Amino acid sequence: MERIVFGPVPSRRFGQSLGINNIFSPKRCSYSCIYCQIGRTLIYEIERKEFYKVEDIKKQVKEVIENLKGKKIDYISFVPDGEPTLDINLGKEIEILKEFGIKIAVITNSSLIWRKDVRDDLKKADCVSLKIDAVSVAIWKKINRPNKKINLESILEGIQIFSEEFKGQLLTETLFIKDINDSKEEIEKIGEFIKKIEPEIAYIGYPTRPPAEKWVKIPEKEKIDFAYIVFKSKNLNVKIIEKKEEREFGFTGDLVEDILSIVSVHPMSEKEIKKFVKDNRGSFDLVKSLIDRGEIVEVEYMGEKYYRRNLNKWKNMM
Ligand code: SF4
């Protein structure tokens with residue numbers, strides 16, 4: 001069976017987070033964000049469907065938790081290499097995974113939140129993080145490159161309804177990209193919209209890992225500071241997502257499977273992957289062999305090397 005559970009991975013928002021990749025690879029999403037750290041979307045999807053059996057996900061989570069032998073897990077997070085709400089079993093999975101007594105988080109791009117069934121599923125989680133990168137249609141199309149059948153107006157309306165109904169911890173995440181969504185006008189409009197939904201924390205940031213498009217640039221520091229001030233002026237609890245220097249990843253007993261499942265969702269820096277193989281009695285030759293087999297690729301970003309899943313391998317097979 002395909003590896004569905006990965007980590008735990010240190011997360012800026014969720015501490016030690018055991019990740020659930022509940023969507024079939026290769027990357028399926030309703031968006032193809034220009035900054036996506038996984039790469040360009042290979043399969044655009046907007047219809048919900050079953051990917052894995054709920055019981056299979058539970059079985060894998062149980063095995064991983066047992067293998068971790070008491071190691072701390074702060075959250076079980078639905079953070080696939082795509083959009084988690086595409087999974088029609090999401091609500092059932094959240095309910096069944098709650099049996100482990102660990103908080104459940106879902107990180108969604110919000111694109112399907114106009115659907116009542118999606119909102120009902122998300123309401124079962126302890127924490128939901130909503131992506132809000134733009135509130136103007138032209139900018140939303142540029143940054144998130146949505147599937148043509150979805151529209152921003154319904155998404156924003158769905159977000160508002162959800163924020164009124166949801167009893168758990170609501171977070172928002174806005175990534176700023178130079179010359180795309182970092183104008184004073186758009187920052188002001190995004191802040192005004194987020195103010196209405198009253199999240200516990202409004203995260204803002206910029207890409208800290210290699211983006212899907214090489215031409216994507218991070219905004220000047222003044223722009224991020226400006227966004228921070230604007231959000232603050234709207235009484236938002238705003239936090240800037242800073243780059244973590246080095247993250248430690250959980251080992252579940254199979255180095256190759258662990259690397260592949262982690263880099264499918266979170267590209268690892270050279271330092272991180274070297275430390276991970278060394279700590280788990282492997283050698284860097286293993287990483288080189290995965291590159292030679294075309295399983296992973298090496299990419300450079302801001303002077304650092306990163307390793308991520310090779311989406312071209314699938315593309316060539318499609
Ligand atoms: S960043 Fe998230 S929403 Fe955007 S393309 Fe990547 S997986 Fe989809």
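Residues numbered from 1 in each chain as written. Predicted model: local features only at pLDDT ≥ 70, side-chain atom pairs only at ≥ 80, totals over all residues. Heavy atoms only, no water.

**Some remarks on the overall build of the protein**
Check the secondary structure of the protein and you find 11 helices and 13 strands. Scaling as 2.2 N^0.38, a compact globule of 318 residues should have a C-alpha radius of gyration of about 20 Å, and the protein matches this with 19 Å. For the C-alpha atoms alone, the extent of the protein along its principal axes is close to 50 × 45 × 40 Å. Out of the 318 residues in the protein, the part that is buried amounts to 58%. Long-range pairs, those at least 24 residues apart, make up 73% of the contacts in the protein with a sequence separation of at least 6. For the protein, the accessible surface area stands at approximately 14,300 Å², while carbon and sulfur atoms represent 49% of it. (Helix = DSSP H or I, 4+ residues; strand = E, 2+ residues; numbered from the N terminus. Rg over C-alpha atoms; globule rule 2.2 N^0.38 Å. Buried < 20%, exposed > 50% of the residue type's maximum accessible area, 1.4 Å probe, protein only. Contact = heavy atoms within 4.5 Å. Areas by Shrake-Rupley, 256 points an atom, 1.4 Å probe, with all protein chains shown as cover.)

**Re the side chain of asparagine 181**
On the secondary structure map, asparagine 181 appears in the loop between strand E8 (169-175) and helix H6 (184-197). From its side chain, asparagine 181 meets the backbone oxygen of aspartate 133 in a polar contact 2.9 Å long. A distance of 2.8 Å separates the side chain of asparagine 181 from the backbone oxygen of leucine 175, its partner in a polar contact. Setting aside residues no more than four positions away along its own chain, asparagine 181 makes contact with Asp133, Ile139, Ile143, Leu175, Phe176, Glu186 and Ile187. (Polar contact = N/O pair within 3.5 Å; in protein donor to acceptor, adjacent residues only side chain to side chain.)

**Quick look at H6**
Count 3.6 residues to each turn of an α-helix, and residues three or four apart come out pointing the same way. A rise of 1.5 Å per residue sets the reference length of H6, with its 14 residues, at 20 Å; its end C-alpha atoms lie 21 Å apart and thus fit the reference within 8%. Every buried residue of H6 is accounted for by Glu186, Ile187, Ile190, Gly191, Phe193, Ile194 and Ile197. Projected onto a plane normal to the axis of H6, the buried residues spread over an arc of 165 degrees and lie on a single side. Turned more than 90 degrees away from the buried face of H6 sit Lys184, Glu185 and Lys196, all of them exposed. Taken together, the buried residues of H6 touch helix H4 (137-144), helix H5 (152-165), E8, strand E9 (201-205) and helix H7 (221-233). Glutamate 198 sits one or two positions beyond H6 and adopts a positive phi of about 50 degrees. (Expected span 1.5 Å × (residues − 1). Arc of directions from axis to C-beta.)

**A few points about the packing of aromatic side chains**
One pass over the full model with this rule turns up seven aromatic pairs. Each ring, one from phenylalanine 162 and one from phenylalanine 166, has its centre 4.9 Å from the other, and the planes form 20 degrees; the classification is stacked. In this pair, the class of phenylalanine 162 matches that of phenylalanine 166, namely buried. Aromatic pair phenylalanine 249 and phenylalanine 276: ring centres 6.3 Å apart, planes at 80 degrees, arrangement edge-to-face. Taken together, the residues phenylalanine 249 in the loop between strand E10 (238-240) and helix H8 (255-265) and phenylalanine 276 in helix H9 (residues 270-279) connect sequence positions 27 residues apart. With respect to class, phenylalanine 249 is no different from phenylalanine 276; both count as buried. (Phe/Tyr/Trp six-rings, centres within 6.5 Å; stacked < 30°, edge-to-face > 60°.)

**Details of the site of the ligand**
Lining the immediate environment of the ligand, one finds Lys27, Cys29, Tyr31, Ser32, Cys33, Cys36, Thr41, Gly82, Asn109 and Lys131. When the residues that make up the shell around the ligand are grouped by side-chain class, the tally is four nonpolar, four polar and two charged. (Near = heavy atom within 4 Å. Nonpolar A, V, L, I, M, F, W, Y, C, P; charged D, E, K, R; others polar.)

**Things to note about the packing of H5 against H6**
For the pair H5 and H6, interaxial distance at closest approach is 9 Å and the crossing angle is 30 degrees. In terms of orientation, H5 lies roughly parallel with respect to H6. In this structure, H5 uses Leu156, Ile159, Gln160 and Ser163 to contact H6, whose residues at the interface are Phe193, Lys196 and Ile197. Its residues assigned to classes, the contact of H5 with H6 shows four nonpolar, two polar and one charged. (Axes fitted to C-alpha atoms, helices over the stretch in contact; angles between N-to-C directions. Parallel < 35°, antiparallel > 145°, perpendicular 65-115°, else oblique.)

**Section: the sheet that holds strand E13 (residues 304-309)**
Sheet architecture is open: three strands sit in the order E11-E13-E12, paired in antiparallel fashion. The open sheet has two edge strands, strand E11 (268-269) and strand E12 (296-301), and neither has a second partner. H8 contacts E11, E12 and E13 of the sheet and is inclined by roughly 105 degrees relative to E13. (Pairing = 2+ DSSP bridges.)

**As for the environment of isoleucine 161**
Here isoleucine 161 is to be found in helix H5. Sequence-wise, isoleucine 161 and lysine 271 are 110 residues apart; in three dimensions their C-alpha atoms are separated by 43 Å.

**Considerations on the side chain of aspartate 87**
Here aspartate 87 lies in the loop between strand E5 (75-78) and helix H2 (90-97). Of the side chains with opposite charge, arginine 48 lies nearest to the buried aspartate 87, which makes no salt bridge, at 6.3 Å. Of note is the side chain of aspartate 87, whose polar atom sits 3.0 Å from the side chain of asparagine 22. Those residues in contact with aspartate 87 that sit more than four places away from it in its chain are Asn22, Ile23, Arg48, Lys49, Phe51 and Glu93. (Lys, Arg positive; Asp, Glu negative; His and termini not counted. Salt bridge = Lys/Arg side-chain N within 4 Å of Asp/Glu carboxyl O.)

**A short note on the pairing of E5**
Residues of E5 alternate between two faces, with Tyr75 and Ser77 on one and Ile76 and Phe78 on the opposite face, all of them buried. With four bridges joining them, E5 and strand E6 (residues 103-108) adopt parallel strand pairing. Counterpart to isoleucine 76 in the pairing with E6 is isoleucine 104.

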